Amino acid sequence: MIISNIEILPGKRISKHLGLVQGSTVRTKHVGRDLMAGLKNIFGGELLGYTELLQDARKEATERMVRQAEAIGANAVINVRFSTSSIAAGAAELFVYGTAVIIE
Amino acid sequence: MYDLIIFFTLLGLGYTFGRMAEAKHFKAIIEREKQNQQLLTFSERFPPAGIGPVNSELVGGNVVISVDYFKRVAAGLRGIVGGRVRAYESLLERARREAILRMKEEAKAKGASMVVNVKLETASITKGQKQQVGSVEVYAYGTALIPITV
């Protein structure tokens, strides 16, 4: 599965467009991490726990999108976009969408 | 009285450690930017013409950076008189440059020659009391073009 955020795949020809596919996940922090983040809020600096959390969440959302694309018989997803929205205090939704295509 | 002592202690801690962390981070960023200078990044939607056969792959890098206590107070005060909030400007600059660097490092590890269509996404992920910014997340992503070596 090739994933790309441009509309073409260099050197490959898109034979069929299959429409939009998407994946999302809602994640929340846990208390331990929150405590550490609280401390970091005094000293400043990177919140490694959150960085990893969001990275994992994005990976999961992407996997879901890929599974959806596979289900409809695509072998590539192009024009992929990521978006984040905080839906409640302490919880965030990570959303990824793109166009499923078949390439030769 | 105790509240005041705690407040000034936190302010002092935030100022000292926050400044140290920021100076260190900027130094590291500048150093790493030099190392990754050969790898070009574009916000163009399409790869430049005549780059030869390439494979493409999505790469990305993210970072969450928290503000320190001093900056939060400084920004709060700035909110009264208005104007440039320097405290947050440097925070966001750090986060963006770090995210782009992480993306570049991932691309470099995959043997890419350039990254096109770089998009940056910023989200404030935690809000402290009084809806002030607690920490920001920046995610940078783009399509890495990996030359095919025959």
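Model, not experiment: these values are computed from the prediction.

## Things to note about the sheet that holds strand S4 (residues 76–88) of chain A
Residues and elements named next belong to chain A.
Here's step 1: Strands sit in the order S1-S4-S5-S2 across an open sheet of 4 strands; the sheet is mixed. Across the chains shown, the open sheet's two edge strands, defined by having one partner strand only, are strand S1 (2–3) and strand S2 (14–28).
Here's step 2: Bridge count between S2 and strand S5 (residues 91–103): 13 bridges; the pairing is antiparallel. Within S5, the residue paired with Val21 across the bridge is Gly98.

## Side note on the confidence of the model for chain B
Here's step 1: Counting all residues, the mean pLDDT for chain B is 86, and 93% of those residues have values of 70 or more.
Here's step 2: Two numbers describe this predicted complex: its pTM, 0.87, and its ipTM, 0.85.

## Regarding the interface of chain B and chain A
Here's step 1: Across the contact, 38 residues belong to chain B and 28 residues belong to chain A.
Here's step 2: Those elements giving two or more residues to the side of chain B that touches chain A turn out to be helix H1 (2–35), strand S2 (54–66), helix H2 (69–81), strand S3 (114–127) and strand S4 (133–147) of chain B.
Here's step 3: Taken together, the residues of the side of chain B that touches chain A sort by class into 20 nonpolar, 12 polar and 6 charged.
Here's step 4: In terms of strand pairing, strand S3 (residues 45–46) of chain A meets S2 of chain B through 2 bridges, oriented antiparallel. Looking at S2 of chain B, one finds that Gly45 of chain A is bridged to Ser66 of chain B.

## A word on the nonpolar core
Nonpolar side chains in soluble globular proteins generally cluster together in the buried interior.
Here's step 1: With 44 residues, the main nonpolar core has Val77 of chain A together with Ala99, Met103 and Val115 of chain B as its most contacted residues.
Here's step 2: Contributing elements (two or more residues each) for this core: helix H2 (48–71), S4 and S5 of chain A together with S2, helix H3 (86–109), S3 and S4 of chain B.
Here's step 3: Sequence-distant contacts of Val77 of chain A, defined by excluding residues within four places in its chain, comprise Met1, Ile3, Val21, Met65, Val66, Ala69, Gly98, Thr99 and Ala100 of chain A.

## Some points on H2 of chain A
Residues and elements named next belong to chain A.
Here's step 1: Taking 1.5 Å as the rise per residue, H2 with 24 residues should run 34 Å; its terminal C-alpha atoms sit 35 Å apart, in good agreement.
Here's step 2: Those residues of H2 that sit buried are Tyr50, Leu53, Leu54, Arg58, Ala61, Thr62, Met65 and Ala69.
Here's step 3: Positive backbone phi, approximately 85°, marks Gly73, located one or two places after H2.

## Remarks on the pairing of S5 of chain A
Here's step 1: Strand direction decides the pairing type here: S4 of chain A and S5 of chain A, joined by 10 bridges, are antiparallel. When the sheet's bridge partners are listed, Ser86 of chain A is paired in S5 of chain A with Ala92 of chain A.

## Concerning the packing of H1 of chain B against H3 of chain B
All names here are of chain B.
Here's step 1: It is the contact of H1 with H3, at a shortest axis distance of 10 Å, that shows an interaxial angle of 35°. Once H1 is placed against H3, the crossing between them reads as left-handed. Seen from H1, the contacting residues are Glu22, His25, Phe26, Ile29, Arg32 and Glu33; seen from H3, they are Ser90, Arg94, Arg97, Glu98 and Leu101.
Here's step 2: The class makeup of the residues in the contact of H1 with H3 is 3 nonpolar, 2 polar and 6 charged.

Rules of the game
- Residues numbered from 1 in each chain as written.
- Chains lettered and ligands numbered in written order.
- Predicted model: local features only at pLDDT ≥ 70, side-chain atom pairs only at ≥ 80, totals over all residues.
- Pairing = 2+ DSSP bridges.
- Helix = DSSP H or I, 4+ residues; strand = E, 2+ residues; numbered from the N terminus.
- pLDDT = per-residue confidence, 0-100.
- Contact = placed C-beta atoms within 7 Å.
- Nonpolar A, V, L, I, M, F, W, Y, C, P; charged D, E, K, R; others polar.
- Core = buried A, V, L, I, M, F, W, Y, C linked by C-beta atoms within 7 Å.
- Buried ≥ 20, exposed ≤ 12 C-beta atoms within 10 Å, placed from the backbone.
- Expected span 1.5 Å × (residues − 1).
- Axes fitted to C-alpha atoms, helices over the stretch in contact; angles between N-to-C directions.
- Left-handed = near helix turned anticlockwise from the far one by under 90°.

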